[in-house]
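Here is what each chain is made of, one letter per residue.
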Amino acid sequence: EKVVIGAAVAYDGENFGLGAFTVDLHLLGSKGDHFHSNSGIMHSGIIVGQFDVPFGIDWHVYPSIDRKLVSAPLVIENTHNGWNDFGVQAYLEAGKMNVVAYATNGFCSEGLGCPVDVDKKMAAVGSRVGIKPHSTLEIGGSWAGFLYPDDDRDRVMAVGDVQFAYQNVFFKGEYVVHQVSLASKQTLTRRGFYGQGLYDFGKTYVVARYGNFSPGDAQVEDLTRLSVGGGWVILDGCELRFEYQRNSQDGGRLAFTQLAVGF
C-alpha cells in the first residue's frame with residue numbers, strides 16, 4: 001500500500017499505446033499507509049513515470065470512462081490538448097489545501113511551430129494549488145513554464161479553475177491563458193474558458209457545457225461551442241452517452257454517441 005504501480009492502455013483511433021505508467025510513493029499522511037505517518041498531513045507523495053499532467057482540472061477526465069461528454073472542452077483542445085508525458089510530480093493534501101508540482105517534457109502547440117528542431121524537446125515545470133473554503137467548493141490555480149535547451153522561456157500557461165458539488169448537482173469551469181513566442185518578443189496570447197453543469201439522476205444524467213477560445217489573432221474570429229447531452233449507466237464501468245454539439249464558424253452541428261467501458 002505504500003508503493004502503488006499503475007498502468008493504462010489507450011487507443012488513439014489508430015493504435016493501442018501506453019497512456020500511463022506510474023510509480024506512486026506514499027511518503028507522509030494520516031489516510032491509509034505511508035512510509036511515515038503524520039496527523040497534520042492527509043496524504044502526500046511522489047509520482048514518477050508517464051502521466052496526465054495535473055494542469056488545471058480537466059486532466060481528471062482525460063480517459064473516456066471518466067468524461068461525461070464525448071468531446072473535450074474547446075479551449076483544452078486548442079491549448080495543451082490533453083497534456084500527457086514522462087516526468088516526476090510531488091503532491092500534498094493537508095486541511096483545506098492541496099498542492100502539486102511537476103517537471104516533465106514540454107510540447108509545441110500545433111500550428112505555432114518551435115524555434116528548435118522537433119527532436120530537441122523542451123522541458124516544462126509547473127504547479128497547481130487548490131483551496132476548499134467549503135466542503136462543496138474548490139478553487140484552484142495552475143501555472144506552467146516551458147524552457148528550450150538554451151534556457152529561453154518561450155511559452156507559459158496559466159489557468160484558474162472552480163469545482164462545485166452539492167447532492168446531485170455538479171459544476172466546474174476553467175479559464176486558460178496560453179502565451180507563446182516570449183523569447184522572440186512577439187508574444188501571442190491565446191485564451192479561453194468553459195463552464196459545465198451536470199445533474200445526476202442515479203442511473204442517468206444530463207450535462208451541458210459552453211466554451212470559448214480566442215486564438216489571439218485579430219484576423220481570426222473567436223471560436224465557441226455549446227454541447228448538451230446525457231448518459232445512461234448500464235452497469236458500473238459501462239456507460240452509453242449522447243452529445244449534441246453546436247460550433248461557431250465552420251464547425252457546424254454534430255451529434256455523437258459513445259459506449260464507454262472501463263475494466
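It should be noted that the structure appears before, not after, this text.
All figures in this text were calculated on a predicted structure; none of them were measured in a lab.

**What to know about the environment of Val100**
At step 1: With respect to the element layout, Val100 can be found in strand S6 (residues 97-105).
At step 2: The exposure class assigned to Val100 is buried, which follows from its relative accessible area of 10%.
At step 3: Along the primary structure Val100 and Ile46 are separated by 54 residues, whereas in three dimensions their C-alpha atoms are 9.6 Å apart.
At step 4: The contact partners of Val100, leaving out residues within four places of it in the chain, are Pro54, Gln89, Ala90, Tyr91, Gly126, Ser127 and Arg128.

**Points about a nonpolar patch on the surface**
At step 1: A cluster of nonpolar side chains, Val3, Ile5, Leu18, Phe21, Leu27, Phe35, Ile46, Val48 and Val88, forms an exposed patch at the surface whose accessible area comes to about 740 Å².
At step 2: Counting through the fold element by element, Val48 comes out in strand S4 (residues 43-52).
At step 3: With a relative accessible area of 42%, Val48 lands in the partly exposed category.

**What about the pattern of salt bridges?**
At step 1: The full count for this structure, using the stated rule, is 6 salt bridges.
At step 2: Salt-bridge contacts for Glu77 lead to Arg225; the nearest nitrogen and oxygen are separated by 3.3 Å. Taken together, the residues span a long stretch of sequence, with Glu77 in helix H1 (residues 74-77) and Arg225 in strand S13 (residues 223-235) at a distance of 148 residues.
At step 3: The class for Arg225 is buried, based on a relative accessible area of 11%.
At step 4: Between Arg128 and Asp161 there is a salt bridge; the shortest N-O distance is 2.8 Å. Within this pair, whereas Arg128 is found in strand S7 (residues 123-134), its partner Asp161 is found in strand S9 (residues 153-166), the two being separated by 33 residues in sequence. Each member of the pair, Arg128 together with Asp161, is buried.
At step 5: Taken together, the salt bridges that share partners define one network made up of Lys68, Glu239 and Arg241.

**Focus on the nonpolar core**
At step 1: If you look at the biggest cluster of nonpolar residues, it comprises 23 residues, and the most contacted ones within it are Phe55, Val75, Trp83, Tyr102, Ala144, Phe146 and Met157.
At step 2: Where this core is concerned, the elements lending two or more residues are S4, H1, S6, strand S8 (137-147) and S9.
At step 3: If you tally residues by element for this core, the top one is H1, at 3 residues.

**Some words on the pairing of strand S1 (residues 3-11)**
At step 1: Sheet analysis places S1 next to strand S2 (residues 16-29), joined by 9 bridges and oriented antiparallel. Across the sheet, residue Val9 finds its bridge partner in S2, namely Leu18.
At step 2: Between S1 and S2, which pair antiparallel and follow one another directly, the connecting turn spans 4 residues, one of which, Gly13, has a positive phi of 100 degrees.

**Points about the packing of aromatic side chains**
At step 1: Taken as a whole, this structure holds 4 aromatic pairs when the rule is applied.
At step 2: Relative to Phe146, the ring of Trp83 lies with its centre 5.4 Å away and its plane at 25 degrees, an arrangement referred to as stacked. Taken as a pair, Trp83 in the loop between H1 and strand S5 (84-94) and Phe146 in strand S8 lie far apart in primary sequence, 63 residues in all. You'll find Trp83 and Phe146 in the same group, each marked buried.
At step 3: By the ring-pair criterion, three or more aromatic residues cluster together here, those being Trp83, Tyr102 and Phe146.

Reading the values: rules and limits
Residues numbered from 1 in each chain as written. Predicted model: local features only at pLDDT ≥ 70, side-chain atom pairs only at ≥ 80, totals over all residues. Heavy atoms only, no water. Helix = DSSP H or I, 4+ residues; strand = E, 2+ residues; numbered from the N terminus. Buried < 20%, exposed > 50% of the residue type's maximum accessible area, 1.4 Å probe, protein only. Contact = heavy atoms within 4.5 Å. Patch = residues over 30% accessible without salt bridge, like charges linked within 9 Å, V, L, I, M, F, W, Y side chains within 5 Å. Areas by Shrake-Rupley, 256 points an atom, 1.4 Å probe, with all protein chains shown as cover. Salt bridge = Lys/Arg side-chain N within 4 Å of Asp/Glu carboxyl O. Core = buried A, V, L, I, M, F, W, Y, C linked by side-chain atoms within 4.5 Å. Pairing = 2+ DSSP bridges. Phe/Tyr/Trp six-rings, centres within 6.5 Å; stacked < 30°, edge-to-face > 60°.

Without other data, these values stay purely geometric and don't point to any function.
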